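The chain contents come next:
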Amino acid sequence: MDPRRSIPRTDELLLLADATSNLSTATLKALAHDVQAAARRGEISPEDVRDVFVARANQGATTLTPVINATGVVVHTNVGRAPLSTGAVEAMSRAAGYVDVEMDLDAGVRSRERGKQATEALLAACPAAEDALVVNNGASALLLAAATFAEGGDLVISRGELIEIGAGFRLPELIESARVRLVEVGATNRTHPADYERAHEAKAILKVHPSNYRVEGFTASVSVAQLREIANANGQTLIVDTGSGLLAPDPLLPDEPDATTALKQGADVVLFSGDKLLGGPQAGVVLGTREAIARMRKHPLARAVRIDKLRLAALEATMRLAYNPTHAYLHADPAVLKQRTEALAAKVGGTVVAHDGRVGGGGAPGHPLPGYAVELDEELAHALRRHDPAILGRVHGGRLLIDLRCVPEDQDALVAAAIVEAVDEAAGEVRA
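Just so it is clear, the model here is predicted, and its values are computed rather than measured.

**Some thoughts on the sheet that holds strand E14 (residues 399–402)**
One open sheet holds the five strands; their spatial order is E1-E13-E14-E12-E11, and the pairing between them is mixed. Of all the strands in the sheet, just strand E1 (67–70) and strand E11 (351–354) have a single pairing partner and so form its edges. Averaged over all neighbouring strand pairs, the angle between strand axes comes to 40°, with direction disregarded. Bridge count between strand E13 (residues 390–396) and E14: three bridges; the pairing is antiparallel. Pairing of His396 across the sheet is with Arg399, part of E14. Here helix H15 (residues 334–348) sits on the sheet and contacts E11, strand E12 (372–377) and E14; the angle it forms with E12, its principal contact strand, is near 25°.

Laid out in structure tokens, this is it:
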């Protein structure tokens, strides 16, 4: 008899889940069909269908897999960029129910100051800004700024800043979707003040931080202060996209632009992502003058790029709390990292090697974060990625590198146990 004839029926599987799972009937039916199809393809045996179905039915309502980031890349886009602090997670949970996101509780009427708590927290952290606006993400902030200040007209940008961001999105295409005509000036490696001055009929000037690449050698660019003088002479708005979200200068990242400096040098608005160096949730943060921010709030597109209450709560908490995981990982003490790495190597074997971490997310491209890693057999990488929680190391030069920079110290033992388990499994496969 064909063994596939013994695959349990859907109604039988649903009865198994009734007592233990809180998933909807539609979700359970889809899950049952997936497991049955896997058995028909021979990926699991018909005898295991019941156990696999029950296990998956009890995993919870989200299929996202928790990951321990052992790559040494702090803002790792593939695993969700900046990790939120416990306080920010608690703030999101608190905001999950009914909250006064658009309600004036004193007056008992609707408020027009959506996100006021988050913007106040941002302004307290960046006094150089007169006002703030938070939208869905960094691309939304740039799109809204372009539409607000240059819609139906020209927007000037250096050819050296016509960048492509993650997943193949190109800023020129994004900007032009706002009914803006880009005027490219200068050359890839050198742009001068006179290049911008010749585009005097443009409505606005845009300066973009290249983020994930560097142009070195015979180069020239125009500073924000110089662009302010040109914008003043031509009645133009100056938009500065710093990208990675540094609020103030950081000695650790000397070449990374920051919002405070750009505002003091004369930017009308500064844009950046909330889930990079700021260490918060996905958001597009806009800091600038009262007049410029007011114009952006009134633009019809502002409604389309509005941010939700959960991320507003997380952003406010991120700005107000003392501890920020992203900042802690960036400024981790190399001596402490070495001690932790040596302790891990003593438990699992492998070799302790010097390993430079990275900012990631387009921040401080090429800038090293000195640290250490345990060097292991590359073949362990797959087993560790399949662990619960998944452990993601860096595979490089035929070796697996486990860097503890972005691993909370209380998870070191969990990482060690997972590596030992993976080594034992590999050894068992070899003996078999």
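**Re the sheet that holds strand E4 (residues 131–135)**
Reading across from one edge, E4-E10-E9-E8-E7-E5-E6 is the order of the seven strands in this open sheet, with mixed pairing throughout. Across the chains shown, the open sheet's two edge strands, defined by having one partner strand only, are E4 and strand E6 (181–185). Averaged over all pairs of adjacent strands, the angle between their axes in this sheet comes to 25°, without regard to strand direction. Strand direction decides the pairing type here: E4 and strand E10 (residues 284–288), joined by five bridges, are antiparallel. Considered in E10, the bridge of Val134 is made with Val285. Along the sheet, helix H6 (residues 138–150) makes contact with E4, strand E5 (154–158), strand E7 (204–208), strand E8 (237–243), strand E9 (269–273) and E10, crossing E9 at roughly 155°.

**Here's the deal with unusual backbone geometry**
Cis peptide bonds are those with omega within 30 degrees of zero, and the linkage from Asp388 to Pro389 qualifies with 0°. Phi is positive for Arg81, close to 55°, though the residue is something other than glycine. For Arg81, the position within the fold is in the loop between E1 and helix H4 (86–95). Look at Ala364: it is not a glycine, yet its phi comes out positive at around 45°. Within the fold, Ala364 resides in the loop between E11 and E12. Take Ala364: its relative accessible area is 9%, and that puts it in the buried class.

**Quick word on the pattern of salt bridges**
Counted under the stated rule, the structure contains 22 salt bridges. Ionic pairing is found between Arg311 and Asp308, a salt bridge with its closest N-O pair at 2.5 Å. Given the relative accessible area of 15%, Arg311 is considered buried. According to the relative accessible area criterion, Asp308 is partly exposed, its value standing at 26%. Each of the salt bridges in this network shares a partner with another, and the network as a whole consists of Glu102, Arg110, Arg114 and Arg306.

**Structural notes on the UniProt feature "modified residue: N6-(pyridoxal phosphate)lysine" (unreviewed entry) in the chain**
Within this structure's numbering, the places UniProt gives as "modified residue: N6-(pyridoxal phosphate)lysine" (unreviewed entry) are Lys276. Structurally, Lys276 can be placed in the loop between E9 and E10. A relative accessible area of 11% means that Lys276 is categorised as buried. For Lys276, the contacting residues outside a window of four places in its chain are Val75, Arg81, Ala82, Gly243, Ser244, Thr326 and Gly361.

Criteria and cut-off values
Residues numbered from 1 in each chain as written. Predicted model: local features only at pLDDT ≥ 70, side-chain atom pairs only at ≥ 80, totals over all residues. Heavy atoms only, no water. Pairing = 2+ DSSP bridges. Helix = DSSP H or I, 4+ residues; strand = E, 2+ residues; numbered from the N terminus. Axes fitted to C-alpha atoms, helices over the stretch in contact; angles between N-to-C directions. Contact = heavy atoms within 4.5 Å. Buried < 20%, exposed > 50% of the residue type's maximum accessible area, 1.4 Å probe, protein only. Salt bridge = Lys/Arg side-chain N within 4 Å of Asp/Glu carboxyl O. UniProt positions renumbered as here; feature names shortened; annotations may be inferred.

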